[in-house]
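Results of the structural survey
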Amino acid sequence: MLNPGDPAPDITLSDHHGVTVTVDPSAARYTVVYFYPRADTPGCTAEACSFRDEWDAFEGADIAVVGISDDPVEDLEPFAEAYDLPFTLLSDPDGEVATAYDSYGEKQMFGNTFDGVFRNTYVLGSDGTIALAYEGVSPEDHAVEILDDIAALDD
């Protein structure tokens, strides 16, 4: 897990429209980069919708949000549209960016072992360093938790 103060690894991936995007932490006061295992599954949908439901608060505080999974681009666009997600979803099919963020590796489910994305979140400061780090997050109220923690940083 990367720690607060560490430099944030670069992120350049295809978004849910198939356009190559480079995340620029200096473009907002903070940038939330959340890693999620699979689009349109219950936990990932709850997490995405929590960011959507708090979108006005994020936007009003100049906080960008980016979701990253190893889903192919073609799976991300219908997910973003179905849940009216106002933020960018990025496809990391080989897990390269997730690996750089210590958010990809061996997992087990139903007796099967496979490589996949871990549910971790990082908040990047506008200086390009990690401001906050969350490992193995609970998806339901995660957006509110982040807003509260960012407000505490600013106090």
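Look a little higher up for the structure.
Residues numbered from 1 in each chain as written. Predicted model: local features only at pLDDT ≥ 70, side-chain atom pairs only at ≥ 80, totals over all residues. Heavy atoms only, no water.

**Some points on a nonpolar patch on the surface**
- On the surface, Met-109, Phe-110 and Phe-114 cluster together into a nonpolar patch covering about 360 Å² of accessible area.
- Looking at the element boundaries, Phe-110 is found in the loop between strand E6 (104-109) and strand E7 (112-117).
- For Phe-110, a relative accessible area of 79% translates into the label exposed. (Patch = residues over 30% accessible without salt bridge, like charges linked within 9 Å, V, L, I, M, F, W, Y side chains within 5 Å. Areas by Shrake-Rupley, 256 points an atom, 1.4 Å probe, with all protein chains shown as cover. Salt bridge = Lys/Arg side-chain N within 4 Å of Asp/Glu carboxyl O. Helix = DSSP H or I, 4+ residues; strand = E, 2+ residues; numbered from the N terminus. Buried < 20%, exposed > 50% of the residue type's maximum accessible area, 1.4 Å probe, protein only.)

**Some thoughts on the sheet that holds strand E9 (residues 130-134)**
- Reading across the sheet, the seven strands line up as E2-E1-E5-E4-E3-E8-E9 and stay open at both edges, with mixed pairing between neighbours. What marks the edges here is a single partner per strand, and that holds for strand E2 (20-22) and E9. When the angles between neighbouring strand axes are averaged without regard to direction, this sheet yields 30°.
- Inspection of the sheet shows strand E1 (residues 12-15) paired to strand E5 (residues 88-91) by two bridges, in the antiparallel sense. Within the sheet, the bridge partner assigned to Ser-14 lies in E5 and is Ser-91.
- Together, strand E3 (30-35), strand E4 (63-69) and strand E8 (121-125) form the strand contacts of helix H1 (residues 42-53), whose direction differs from that of E3 by roughly 165°. (Pairing = 2+ DSSP bridges. Axes fitted to C-alpha atoms, helices over the stretch in contact; angles between N-to-C directions. Contact = heavy atoms within 4.5 Å.)

**Here's the deal with the side chain of Arg-119**
- With respect to the helices and strands, the residue Arg-119 is situated in the loop between E7 and E8.
- When its relative accessible area of 16% is taken as the criterion, Arg-119 is described as buried.
- Separated by 2.8 Å, the side chains of Arg-119 and Glu-47 make a polar contact.
- With near-sequence residues (within four places) excluded, Arg-119 lies in contact with Phe-35, Tyr-36, Pro-37, Gly-43, Cys-44, Glu-47, Glu-135, Gly-136, Val-137 and Pro-139. (Polar contact = N/O pair within 3.5 Å; in protein donor to acceptor, adjacent residues only side chain to side chain.)

**Topic: a negative patch on the surface**
- Residues Glu-140, Asp-141, Glu-145 and Asp-148 make up a contiguous surface patch of negative charge.
- On the secondary structure map, Glu-145 appears in helix H5 (residues 142-154).
- The exposure class assigned to Glu-145 is partly exposed, which follows from its relative accessible area of 35%. (Lys, Arg positive; Asp, Glu negative; His and termini not counted. Charge placed at Lys NZ, Arg CZ, Asp CG, Glu CD.)

**Thoughts on unusual backbone geometry**
- Even without being a glycine, Asp-62 presents a positive backbone phi close to 60°.
- Examined against the element boundaries, Asp-62 turns out to sit in the loop between helix H2 (55-60) and E4.
- Classification of Asp-62 by relative accessible area gives partly exposed; the value is 40%.
- Even without being glycine, Asp-84 reaches a positive phi, approximately 50°.
- Considering the arrangement of structural elements, one finds Asp-84 in the loop between helix H3 (73-82) and E5.

**Quick look at the pairing of E9**
- Of all five residues in E9, four are buried; the element is thus mostly enclosed.
- Inspection of the sheet shows E8 paired to E9 by four bridges, in the antiparallel sense. The residue of E9 that forms the bridge with Leu-124 is Ile-130.
- Between E8 and E9, which pair antiparallel in sequence order, lie four residues; one of them, Gly-128, sits at a positive phi of approximately 85°.

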